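Spelled out, the chains give:
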Amino acid sequence: MGKERDRSEKDPKEHKKMFIGVVWNCAAELKLLLTALLFLLSLITVFQFVPSRLSFSVSDVRHCISTTASADTNISVAAAAAALSANSTPPERPLATPSPPSTKLQDEVGDGGVIKRAFNAYGSAAYNYILMSAYRGGADTFAVMGLASKPLLVFGKPSYQCQWVPRLKNGSYSDRPVMASSYKVLPDWGYGRVYTVIVVNCTFPFPVGHDGSGGKLLLLATTNGGGDEKVNLTDTVEALTEAPATVNLARFTGPPKYDYLYCGSPLYGNLSPQRVREWLAFHVRLFGEKSHFVIYDAGGIHEGVREVLTAWMEKGYVTLQDVREQERFDGYYHNQFLVVNDCLHRYRFDAKWMFFFDLDEFIFVPKKSTLKSVLVSLSEYTQFTIEQMPMSNKLCLSEDAGKSYRKWGFEKLVYKDSKRGIRRDRKYAVQPRSVFATGVHMSQNAGGKTTHKTEGRIMYYHYHGTISERREPCRRLVNSTELKLDGIPYVMDTTMREAAGSVKRFELRMIGSRLQRTRQ
């Protein structure tokens, strides 16, 4: 113990001698380090007084210093990035590829000292053309659906030309395309935003690809100087490719698969699963076995709504299409006109009649008639419009107090707006084989006759906004046959209420009780 204590007492002196020795031996290195630091600080101080046009900032010094270090670490950073890439979340959209550099125009001094100013263009404000779909309409006709720059269409004179490129027996494509007679339709004229909808109809002078040889439909979209008089840009769009032996011409002349087909507008927002459930059960019952419903998802088909749709998809009544990608392109109302035109041409030869209306609207025919009998009476028309019955979305009967949550929406909302002398929107149905483009409230590009005189034969009850509210709609209970609320007169109309029982029994018979616990 004594020897250990003596050694510990000597340790501080030994450490001190060792430290002094190390410093003394490294004196040269310390002098060099201090000299370099003093020189660098002096250099930075001097640059503060150099004129700005000859100076460079401290950040430039940092950049020079960091360049060498970053070069040494590039390999290790790249390796780390590669190692992490497997677990990293990919970006929502890929970064845009930068435009290739071009020669920048400069101002020039001309005769008499006149300065000719230069204008340099960069990037692009909108795409020339955005393709959604293209469909064959017969042996010699096609339709192409897409978006185009609205300013270009409003203030320029763009043109659209269709070509058919035949497929040769050796699998290659001919270098002699067939030109078509093409014309464009703007079904949402006046409603577009950055982009507007354009439907191009292509008619060839003779049948193309009808023999099953295959080929490609090209759309040539030309700006014709729109946007820049010095540039005549033409984009070649491969609109449709047909593989050999895939064309079935009988589809265009044979009987359609469905009697009635519903083309829906794009659904978005936080929709009510219960309201969707009610709408589907009601209309599947009304339209019958030979009917089909095409639903477009623009962001509104969440898990609850998907569960409702799946029940009917499994029965073959519903097709769901995801069109969320169109949200990238700023068009009117989630590109509604684009979606309905896609539906028209995609299913044009699959149905006798095609209906266009929304999920807060319910088609109704009087008790003494059926949907079939009404449409037979309107068969001479290519298109007819449907009268609206506007319903309150919050007024219910006092007798439903305490039990309204058990009733369906169209069962308990029984007050109709009775204001007269105003124009109300109508919805419509068409015989699609004679329609070339369509809109939201009617088609302006239909061959044949249109009638609006359908009052008393067919109508639709409109529960505005109820589809997008996930709560109990009854917010005011009343006990009268007539009333006035917020300046609007209402009268009681129990037409839809009386149909609720049979619709509920129909749903139970068709898909069982799987949707009984559906939430608002």
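Residues numbered from 1 in each chain as written. Predicted model: local features only at pLDDT ≥ 70, side-chain atom pairs only at ≥ 80, totals over all residues. Heavy atoms only, no water.

**Overview of the sheet that holds strand β8 (residues 195-203)**
So, point 1. Ordered in space as β3-β4-β8-β7, the four strands form an open sheet in which the pairing is antiparallel. The outermost strands of the open sheet, each flanked by one partner alone, are β3 (129-136) and β7 (181-185). This sheet shows a mean twist of 20 degrees between the axes of neighbouring strands, independent of strand direction.
So, point 2. One ladder, built from seven bridges, connects β3 with strand β4 (residues 141-149); its direction is antiparallel. Along β4, the bridge assignment pairs Ser-133 with Met-145. (Pairing = 2+ DSSP bridges. Helix = DSSP H or I, 4+ residues; strand = E, 2+ residues; numbered from the N terminus. Axes fitted to C-alpha atoms, helices over the stretch in contact; angles between N-to-C directions.)

**A closer look at empty space enclosed by the protein**
So, point 1. Considering all chains together, one arrives at two cavities of 30 Å³ or more under this definition.
So, point 2. As a volume, the largest cavity reaches approximately 70 Å³.
So, point 3. Lining the largest cavity are Arg-275, Glu-278, Leu-359, Asp-360, Phe-362, Gly-409, Phe-410, Leu-413, Tyr-463, Thr-466 and Ile-467.
So, point 4. Residue assignment for the lining of the largest cavity shows that the elements contributing at least two residues are α5 (273-287) and α9 (409-412).
So, point 5. In terms of residue class, the lining of the largest cavity is built from six nonpolar, two polar and three charged.
So, point 6. Counted as a void, the second largest cavity has a volume near 40 Å³.
So, point 7. As for the second largest cavity, its lining consists of Cys-263, Ser-265, Gln-336, Val-340, Phe-356, Phe-357, Asp-358, Lys-427 and Val-440.
So, point 8. Within the residue set of the lining of the second largest cavity, elements represented by two or more residues are β11 (258-267) and α7 (336-346).
So, point 9. When grouped by side-chain class, the residues that make up the lining of the second largest cavity number five nonpolar, two polar and two charged. (1 Å grid on protein atoms, 1.4 Å probe; cavity = no way out; pocket = protein on both sides within 12 Å on 5 of 7 lines; lining within 4 Å. Points joined across faces, edges and corners; volume = space filled by probe spheres on them. Nonpolar A, V, L, I, M, F, W, Y, C, P; charged D, E, K, R; others polar.)

**Quick word on the pattern of salt bridges**
So, point 1. On inspection of all chains with the given rule, the structure shows 27 salt bridges.
So, point 2. The residue Asp-297 makes a salt bridge to Arg-324 at a minimum N-O spacing of 3.0 Å. Linking Asp-297 in strand β12 (residues 291-297) with Arg-324 in the loop between β13 (318-322) and α7, this pair joins segments that are 27 residues apart in sequence.
So, point 3. When its relative accessible area of 39% is taken as the criterion, Arg-324 is described as partly exposed.
So, point 4. Connected through salt bridges with shared partners, the residues Asp-358, Glu-361 and Lys-427 form a single ionic network. (Salt bridge = Lys/Arg side-chain N within 4 Å of Asp/Glu carboxyl O. Buried < 20%, exposed > 50% of the residue type's maximum accessible area, 1.4 Å probe, protein only.)

**A short note on the state of the cysteines**
So, point 1. One pass over the full model with this rule turns up three disulfides.
So, point 2. In this model, Cys-263 is linked to Cys-343 through a disulfide, with the two sulfur atoms separated by 2.0 Å. The chirality of the disulfide connecting Cys-263 with Cys-343 is left-handed, given an S-S dihedral of about -80 degrees. One end of the pair, Cys-263, is in strand β11; the other, Cys-343, is in helix α7, and 80 residues separate them in sequence.
So, point 3. For the chain, the bonded cysteines pair up as 1-2, 3-4, 5-6 when numbered in the order they occur along the sequence. (Disulfide = S-S within 2.5 Å.)

**Quick notes on unusual backbone geometry**
Of all residues except glycine, most have a negative phi; of all peptide bonds, most are trans.
So, point 1. In this structure, Tyr-333 takes a positive phi of about 50 degrees despite not being glycine.
So, point 2. Positive phi outside glycine occurs at Asn-335, with the angle close to 55 degrees.
So, point 3. Among the structural elements, Asn-335 can be located in the loop between β13 and α7.

**Comments concerning α7**
So, point 1. The buried fraction of α7 amounts to ten of the eleven residues, a majority that puts the element mostly inside the structure.
So, point 2. Listing the buried residues of α7 in full gives Gln-336, Phe-337, Leu-338, Val-339, Val-340, Asn-341, Asp-342, Cys-343, Leu-344 and His-345.

**Observations regarding the layout of surface pockets**
So, point 1. Of the pockets and cavities examined, the largest pocket occupies roughly 1000 Å³.
So, point 2. Along its surface, the largest pocket is lined by 41 residues, and Gln-336, Asp-358, Lys-427, Val-440 and His-441 are the ones closest to its centre.
So, point 3. Sorting elements by how many residues they give to the lining of the largest pocket places β11 first, with four residues.
So, point 4. Partitioning the lining of the largest pocket into residue classes produces 18 nonpolar, 15 polar and eight charged.

**Quick notes on the nonpolar core**
So, point 1. Judged by nonpolar contacts, the single largest core of 56 residues is most densely connected at Leu-280, Trp-312, Phe-355, Phe-384 and Phe-410.
So, point 2. Top contributing element to this core by residue count: α5, with seven residues.
So, point 3. For Phe-384, the residues in contact, after removing those within four places along its chain, are Trp-353, Phe-355, Leu-375, Leu-378, Lys-427, Tyr-428, Ala-429, Thr-451, Thr-454 and Ile-458.
So, point 4. Within the second largest apolar cluster, 22 residues are counted, among which are Val-144, Val-178, Val-208 and Ala-239. (Core = buried A, V, L, I, M, F, W, Y, C linked by side-chain atoms within 4.5 Å. Contact = heavy atoms within 4.5 Å.)

**Description of the confidence of the model for the chain**
So, point 1. The share of residues in the chain with pLDDT of 70 or more is 83%, and the mean pLDDT across the chain is 86.
So, point 2. Within the model, pLDDT remains below 50 along residues 52-98, and this stretch shows five contacts once partners closer than five positions in the same chain are excluded. (pLDDT = per-residue confidence, 0-100.)

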